Amino acid sequence: MSAPRPRNATGDSFFAWEGDTLIVNILGKPAASKDAIGKPKGTQLKVSVTAAPQNGKATDHMVRFLAPLFGVAVSDITVVFGQENVNKQLRIHAPRKLPTVFTATTPPA
């Protein structure tokens, strides 16, 4: 049996690679005026969505917003923790593109 993954899998950054999977720590902002990726804030990336924070609907909306920005299907994004919390971690399997906030970082070959 393998050891559980640590919640701080990204170390001092807001993201890390695990093979071809991108792990991203998110600081969500629900009920915003527009859907947008903001700037990193410590070890989290700020992501604003227009959906209200109700029963995880804002997180579901966030995943649907982020999927095309990473060039993946919604099913390629897993919410590790934080479905109903502003602090969350996502695993994005094999992203085909990266938003500009992920500068100078490319997926492993």
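Note that the coordinates shown come from a computational prediction; the quantities given were computed from them, not determined experimentally. Starting afresh in each chain, residues are numbered from 1 along the sequence in its written order. Where totals are concerned, whole chains, interfaces and linings use all residues; where local detail is concerned, this predicted model gives features only for residues with pLDDT of at least 70, and gives and counts side-chain atom pairs only at 80 or more. Note that the side-chain values use all heavy atoms of the structure and ignore hydrogens as well as water.

Enquirer: A description of the layout of surface pockets should follow, citing residues and the corresponding values.
Expert: Points on a 1 Å grid, built from protein atoms alone, make a cavity when a 1.4 Å probe fits but cannot get out and make a pocket when they are open with protein on both sides within 12 Å along at least 5 of 7 lines; residues with an atom within 4 Å of a point are the lining residues. Grid points are joined across faces, edges and corners, and a volume is the space filled by probe spheres set on the points. As a volume, the largest pocket reaches approximately 170 Å³. Elements are defined by DSSP. Helices are runs of H or I of four residues or more, strands are runs of E of two residues or more, and each kind is numbered from the N terminus. Going through the elements one at a time, β2 (21-29) and α1 (57-70) are the ones with two or more residues in the lining of the largest pocket. It is α1 that contributes the most residues to the lining of the largest pocket, four residues altogether. As a working rule, the residues Ala, Val, Leu, Ile, Met, Phe, Trp, Tyr, Cys and Pro are called nonpolar, Asp, Glu, Lys and Arg charged, and the rest polar, with Gly in that last group. Taken together, the residues of the lining of the largest pocket sort by class into seven nonpolar, seven polar and four charged.

Enquirer: Before we move on, could you go through the side chain of Thr-21 and cite the residues and values that matter?
Expert: Mapping Thr-21 onto the fold places it in strand β2. Excluding residues that lie within four positions of it along the chain, Thr-21 makes contacts with Ala-16, Arg-91, Ile-92, His-93 and Ala-94. Contact criterion: two residues are considered in contact whenever any of their non-hydrogen atoms come within 4.5 Å of each other.

Enquirer: Mind laying out empty space enclosed by the protein, listing which residues take part and the relevant values?
Expert: Tallied over the entire structure, the rule returns one cavity of 30 Å³ or more. If you add up the space inside the largest cavity, you get close to 50 Å³. Listed by contribution, the elements that provide at least two residues to the lining of the largest cavity are β2, β4 (44-48), α1 and β6 (87-93). Residues of the lining of the largest cavity, tallied by class, amount to ten nonpolar, no polar and no charged.

Enquirer: A description of the pattern of salt bridges should follow, citing residues and the corresponding values.
Expert: Any Lys or Arg side-chain nitrogen located within 4 Å of an Asp or Glu carboxyl oxygen qualifies as a salt bridge. A complete count under the given rule lists one salt bridge for this structure. Among the salt bridges present, the one from Glu-18 reaches Arg-91, with a minimum N-O distance of 2.7 Å. Linking Glu-18 in strand β1 (residues 15-18) with Arg-91 in strand β6, this pair joins segments that are 73 residues apart in sequence. Only protein chains enter the area calculation, which uses a 1.4 Å probe; residues under 20% of their type maximum are buried, those over 50% are exposed, and those in between are partly exposed. Owing to a relative accessible area of 15%, Arg-91 belongs among the buried residues under this scheme.

Enquirer: Please provide a residue-by-residue account of the nonpolar core, values included.
Expert: Counting residues in each nonpolar core, the largest one holds 21 residues, and the members touching the most others are Val-24, Val-47, Leu-66, Ile-77 and Phe-102. The set of elements that each furnish at least two residues to this core consists of β2, β4, α1 and β6. The element that contributes the greatest number of residues to this core is α1, accounting for seven residues. Apart from the residues lying within four places of it in its own chain, the contact partners of Ile-77 are Val-63, Leu-66, Ala-67, Val-72, Leu-90, Arg-91 and Ile-92. Among the buried residues, those of types Ala, Val, Leu, Ile, Met, Phe, Trp, Tyr and Cys that are joined through side-chain atoms within 4.5 Å form a nonpolar core.

Enquirer: Kindly report on the environment of Gly-71, identifying the contributing residues and their values.
Expert: Relative to the assigned elements, Gly-71 resides in the loop between α1 and β5 (77-81). Gly-71 sits in the buried class, given a relative accessible area of 16%. Along the sequence, Gly-71 and Ala-94 sit 23 residues apart, while their C-alpha atoms lie 8.9 Å from each other. Excluding residues within four positions of it along the chain, Gly-71 makes contact with Arg-96 and Lys-97.

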